[in-house]
Amino acid sequence: MQAPLGEFEVVVLMAVLRVGNDVNGSEVRKEIERRTGRRVSRGAVYVTLDRLEHKRLVASRTLTDSTVRGGITRLFRVTPAGLKDLRHAVATFARMHEGLEPVLGDL
Amino acid sequence: MRGWLWHRIERQLRKAVPPDRVGPVLAELFDDYADKLREIGSFRANLWLLIESRSLVKAYQRRDDREAVAVGASIMRSILDDLRMAWRSLLGARGIMVAVILTLAVGTGANTAVMAVAYGILARPLPFATPSQLVIVDVVRQPSGGRTGITFDDLGEWTRRLEGASSVAGFAATDLAVLGQGDPAIVHSLLVTSDFFRVLGTSPELGRPLASDYESIAVVSDRYSRRAASVGRTLGHPLRVGGLAFHISGVMPPAFAFPNDDIDMWVPADLFGKAPIPGNSGDSRSYRLVARLKPGTSVLDFRAEANRVLSAIHPDASHGAVATVGPILDAMAGDARPVLMLFIGASALLLLVACANVASLLVGRAMTRRREMAIRLAVGAAPIRLLRETLAESVWLAAVGSTCGLLLAVVGLRIFVRAASPSLPRMNDVRIDVPVLLLVVGLGVVVTILSAMTPAIGAMRTQWDHAFRDITPTGRLGRVRGPLVVVQISVAIVLLTCAGLFARTVLGLLKGHGGVQAERVLTARLLLNEGTHFDAPGQVSFVQNLLTQVRALPGVESAAIGGGLPPQHDYLTASLRLPDPITGQDEMLAMDLVPVTAGYFESLGIRLERGRFFDQHDMDEATSLAILSEHAARDLWPKGNAIGRNFYVALPTRAGPRIRPRIVGVVSNVHYAGLDAADDDNVYMLWPNLPTAVSFLVLKTSVDPNGLKPAVEQTVHGLDAVMPLIDVRTLDEEMNLAIAGRELRFALVSTFAAVAFFLALVGLSAVVGRVVIERRKELAIRMALGASPATIVSEVSKWAGAVVAVGLILGIAGAMSVARGVGTLVEVISPYDPLTFLTVSLAVIIISGLACLWPLRRASRASPMELWRDT
């Protein structure tokens, strides 16, 4: 059993899911910044994606494509295992949130 | 668009980001940068780029650190760094590295192989339940030590009376002729009483053990069952053993061996009872006991009890019979112990030479690196750091060296086991496994670290100012090398002397071939009682027919039958009581009694001294004639001619009354009781007078005798299909079997000696070479001042000569004391054989001289300028 997902890992996984599969690091970061309104360091996103890939929660493929502007890009998607862990993490949040609505308000 | 800033940042990122990731990271960053340029202008876009790239570099650096700490990799990495560095520095000294590794491989390899053998024979657990409780009981005559054993009739009495044992069983080894399917075969068997397997605490792997003594069953070895299965004999299959019908009731596990690993069948002793067992060897009727001691009974107590039982059963046993009791391992491996000790000693000495060699090689290396070490210490390198490097080098050398040693051991062991299986017990148990492996690795590591660290620590003590001085030839380290070479040479001499003694033993035994000419002679053993007939007359006519047919075979010059075969098969002996002419007291004289047919002497090349051989006419008439060996003739008629006289006493015949045969000839002495036996007295009778159940067919051939083996087998089986014909061998093969044990000792010790001597020579030559190199500057100055090269050579060779001389003296002293130890293994000659000692000493002096020649020539050839420049 791996360590449970960290908060930022959950955020990154959700961002990959939101943009849809085959998303590169830069787009993930933009999605996070857009939804949360907070600034996220580029390095943090890349390193987190690498770590998630190492845990086999996301998979990536490197695409050499002259139609892309930089000529090369790395596209990520969430693996079934990633989906499972993410579901588990969100469920944990939800269960902990139960009964706290008076304090925290509805989210 | 990609300006200087971008290129700078790209460089930074390529350093920080792992190479397989950096491409997309850069591309995507540039993508966004391009957008920024368009959106916010180049100045602010460049600022943005700086901040972004910093965050990337920092994130990746943090990750690296975290991972490193996570696996505790920093220690690992520094060890790996040490190893990498050591490997590189060893590559710089390839010659030394190869020499050290080979030396280590030889030293550890030989020791591993020998240890595997010793462990297998002496220490591997025996295949019985609680073997420490098991003892073997036997009866011997004192003081000769000859076996009397226990008779079958006494077994019950012994078993009843021995109270210190919880269970007792009797056993006796014998060869049984087994008939069934396929060719008749002789099987090494053990006659055992019913408790036998219960005492040992082992039961068959398949089937059931011997339950009742009166059931006609046999338990066979795993090896035998495999062989039998290939000709269709399996569990429950009927066999005819020694004339009785049997069936196989059980198969023992492969590891089971008692008392030797050549026993293939265990059969109930009661079935044979007192009935003569055809084809058996002399002592098969004398039993031994295997007993399981009750807890609390010591071997000593049990020995006392056994002797009480012996005198209770035979109150009149005043003729010096003693019961012996020994642990079961002694019975199984006892004879091998001195030989194993010899092997262990020889391999340990070889290891010592190897250590000395490794040490002197590494001392040489430490000396060349002294300057480097001194500089590094002087500029502040931690001594521990330098030691760690040396340690890492030793680890490499030990690892590679012992791996090579292991390979050597595996190959050597395979050869050794094949060579040793006739002369050493428990060869099945010899293999390389975990305990043995641990030993190799341990040996390799200890040897290298000891030999590497000592010079390293020595080098560490070097004063810092050595860094700026020329290397002096007589440092603390330099002085170590003389003694190291002395040790090597003296140990090599000890081994060479042992090898020489064993060589003289083998040669001495083979000299004269036991009195016969062994070339082009084929021999075979016939078990005449096992044929489809026979009483004595039937056997005589069978033999006549056989000889007629065999003599007709192409390539056969002569053929005969004899009741014994040199050098080590004597089946009949006659004891005569003779008055000693000097003291007047009676003296016992044992003689080999060999019934032979005409042609026996001619076939074996036994020389006629006086009188005549037996001829065909004597055979047909079966007159009572005898031929004596020279030795026997001298013993019986010390003054006069033996020919024409009747034999001293009446000799037994098979058919009827004893006869006093007339002596018609005297022939040369022949050994029938082993090559190492003293010259025996031989009496030859005509075979028809005393036809022996075990007889040897001997053929003198004009062609290679090996080619005649199938034809002889065909002829025998043509006359009688079930007649067992075994041990079809050339006489040369018989000779080799008779000396197999000694040959093995000689081969092993001489291999070790040769390797040790070679290592010593390499050590000597290398050290002399280094001495020359180190004294180059001094030599150059002296040559420039007019010293001739000859003086220089004599200087260095004096040093080398002194080293060899001291080594020689110590070596001979060591060899003398070792010779006393191996004395029991040296036959025919004295262990202090002067010829061996002299030859070894001369050889060592001459060969060491040659080994020094090359480095010395180099010293004498060089011009002063060359020597000066080299420094």
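1. Quick word on the packing of aromatic side chains
All names here are of chain B. Going through the model one piece at a time under the given rule, you end up with 16 aromatic pairs over all chains. Relative to Tyr33, the ring of Trp6 lies with its centre 6.0 Å away and its plane at 10°, an arrangement referred to as stacked. Here Tyr33 lies in helix α2 (residues 19-70) and Trp6 lies in helix α1 (residues 4-16), a separation of 27 residues in the sequence. Residue classification places Tyr33 among the buried positions, given a relative accessible area of 4%.

2. Things to note about unusual backbone geometry
Across the junction of B:Pro566 and B:Pro567, the peptide omega takes the value 5°, indicating a cis bond. With respect to the helices, strands and loops of the structure, B:Pro567 is situated in the loop between β12 (556-562) and β13 (573-579). Positive phi is not limited to glycine here, since A:Arg56 has a value of about 65°. Owing to a relative accessible area of 65%, A:Arg56 belongs among the exposed residues under this scheme. Look at B:Thr130: it is not a glycine, yet its phi comes out positive at around 40°. As for its position among the elements, B:Thr130 is in the loop between α4 (94-123) and β1 (134-141).

3. Examining the nonpolar core
One recurring pattern in soluble globular proteins: nonpolar side chains tend to sit buried together. Residues and elements named next belong to chain B. Grouped together as the largest cluster of nonpolar side chains are 64 residues, with contacts concentrated most on Phe196, Phe258, Trp266, Val290, Ile328, Phe343 and Leu424. Of the residues forming this core, the biggest block, nine residues, is contributed by helix α11 (residues 336-368). The next biggest cluster of nonpolar side chains, apart from the first, holds 38 residues, and it includes Val135, Val178, Met265 and Ala291.

4. With respect to the pairing of β1(B)
Residue and element names in this part refer to chain B. With respect to burial, β1 is a largely interior element, seven of its eight residues being buried. Summarising the sheet, β1 and strand β9 (residues 288-293) pair through four bridges and their orientation is antiparallel. When the bridges of β9 are listed, Leu134 appears paired with Arg292.

5. Remarks on the interface of chain A and chain B
Each side of the interface is counted separately: chain A has 21 residues, and chain B has 20 residues. At the boundary of chain A with chain B, total buried surface from both sides reaches about 1700 Å², with 46% on carbon and sulfur atoms. A:Arg42 is the partner of B:Asp32 in a salt bridge, and the nearest nitrogen-oxygen pair spans 2.6 Å. Taken together, chain A and chain B are joined by 12 residue pairs in polar contact (both at pLDDT 80 or more). Mapped onto the side of chain A that touches chain B, the elements with two or more residues apiece are α2 (25-36), α3 (42-54) and β3 (72-78) of chain A. A per-element tally of the side of chain A that touches chain B places α3(A) first, with eight residues. Grouping the amino acids of the side of chain A that touches chain B by side-chain chemistry returns four nonpolar, eight polar and nine charged.

Conventions used here
- Residues numbered from 1 in each chain as written.
- Chains lettered and ligands numbered in written order.
- Predicted model: local features only at pLDDT ≥ 70, side-chain atom pairs only at ≥ 80, totals over all residues.
- Heavy atoms only, no water.
- Phe/Tyr/Trp six-rings, centres within 6.5 Å; stacked < 30°, edge-to-face > 60°.
- Helix = DSSP H or I, 4+ residues; strand = E, 2+ residues; numbered from the N terminus.
- Buried < 20%, exposed > 50% of the residue type's maximum accessible area, 1.4 Å probe, protein only.
- Core = buried A, V, L, I, M, F, W, Y, C linked by side-chain atoms within 4.5 Å.
- Pairing = 2+ DSSP bridges.
- Contact = heavy atoms within 4.5 Å.
- Buried area = accessible area lost by both parts, 1.4 Å probe.
- Salt bridge = Lys/Arg side-chain N within 4 Å of Asp/Glu carboxyl O.
- Polar contact = N/O pair within 3.5 Å; in protein donor to acceptor, adjacent residues only side chain to side chain.
- Nonpolar A, V, L, I, M, F, W, Y, C, P; charged D, E, K, R; others polar.

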